[in-house]
Amino acid sequence: MLNMDSFFKYDPQTMGAKGVVLIGDKVLCYRRDDKTDLYPLYIDLPGGGPEPGETPFDTFKREVKEEFDLEIKPEHIVYEKTYPSKIQKGKYAHFPVAKLPSSAEKDIKFGPEGLEYLLLSFEEFVSRKDVWPVLQDRAKDYAKYVLSQE
């Protein structure tokens, strides 16, 4: 059983929350623009850094709303894992997985971040050469978890 308590509590050591939003069985992602230093033009997942006082869930919810105009509720979160930050020692990054119905696809309104949004199969997301590698690794951890529950 997952313990997601830390995802819903404020922690100043949190760098952010970036994770998978499943629309039916597709991974919602987007192509980064070329104005970023980290992995320009790569495929990325929704999420980002916290605003003052935000819990990791609040950060993820806000970022998904800003990037795709979709509402994430606590009951949509089916998985969460915390990782040591790759960017700043002593800080943590949260990797949630939210499940929305296939019908949510019609509600997507892609925001100003990135060049395009994509809906990829899980297999395609974890195998493409143009996906941010750390996010592929974390998505594979989620897949291992799902398999362990079957």
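See above for the structure.
Residues numbered from 1 in each chain as written. Predicted model: local features only at pLDDT ≥ 70, side-chain atom pairs only at ≥ 80, totals over all residues. Heavy atoms only, no water.

1. Considerations on the overall build of the chain
Turning to step 1, where the next piece is worked out: When helices and strands are counted, the chain shows 3 helices and 8 strands.
Turning to step 2, where the next piece is worked out: Along the chain, helices and strands appear, N-terminal first, in the series β-β-β-β-β-α-β-β-β-α-α.
Turning to step 3, where the next piece is worked out: Compactness check: the chain gives a C-alpha radius of gyration of 14 Å against a globular reference of 15 Å for 150 residues, within 12% of the reference.
Turning to step 4, where the next piece is worked out: In terms of principal-axis extent, the alpha carbons of the chain reach across some 40 × 30 × 30 Å.
Turning to step 5, where the next piece is worked out: Taking all 150 residues of the chain together, 45% fall into the buried category.
Turning to step 6, where the next piece is worked out: Taking contacts inside the chain between residues at least 6 apart in sequence as the whole, the part at least 24 apart equals 67%. (Helix = DSSP H or I, 4+ residues; strand = E, 2+ residues; numbered from the N terminus. Rg over C-alpha atoms; globule rule 2.2 N^0.38 Å. Buried < 20%, exposed > 50% of the residue type's maximum accessible area, 1.4 Å probe, protein only. Contact = heavy atoms within 4.5 Å.)

2. A look at the environment of E80
Turning to step 1, where the next piece is worked out: By secondary structure assignment, the location of E80 is in strand β6 (residues 77–84).
Turning to step 2, where the next piece is worked out: A residue is classified by how much of its surface remains accessible, and E80, at 5% relative accessible area, is buried.
Turning to step 3, where the next piece is worked out: In this structure, the C-alpha to C-alpha distance between E80 and F8, residues 72 residues apart in sequence, is 10 Å.
Turning to step 4, where the next piece is worked out: The contact partners of E80, leaving out residues within four places of it in the chain, are L2, M4, S6, F7, H94, F95 and P96.
Turning to step 5, where the next piece is worked out: Within the structure, E80 has its side chain in polar contact with the side chain of T82 (distance 3.2 Å).
Turning to step 6, where the next piece is worked out: Engagement of the side chain of E80 in a polar contact is seen with the side chain of H94, the distance being 2.5 Å. (Polar contact = N/O pair within 3.5 Å; in protein donor to acceptor, adjacent residues only side chain to side chain.)

3. Considerations on the packing of aromatic side chains
Turning to step 1, where the next piece is worked out: Applying the stated criterion across every chain yields a total of 13 aromatic pairs.
Turning to step 2, where the next piece is worked out: On the basis of an interplanar angle of 45° and a centroid distance of 5.3 Å, the ring pair of Y39 and W132 is categorised as tilted. Separated by 93 residues along the polypeptide, Y39 in the loop between β3 (26–31) and β4 (43–44) and W132 in the loop between α2 (122–127) and α3 (133–149) bring together distant segments of the chain.
Turning to step 3, where the next piece is worked out: Taken together, a centroid distance of 5.7 Å and an interplanar angle of 40° make the contact between F68 and F110 tilted. Here F68, found in helix α1 (residues 56–68), pairs with F110, found in the loop between β7 (92–100) and β8 (116–121); they are 42 residues apart in sequence, far enough to count as distant. (Phe/Tyr/Trp six-rings, centres within 6.5 Å; stacked < 30°, edge-to-face > 60°.)

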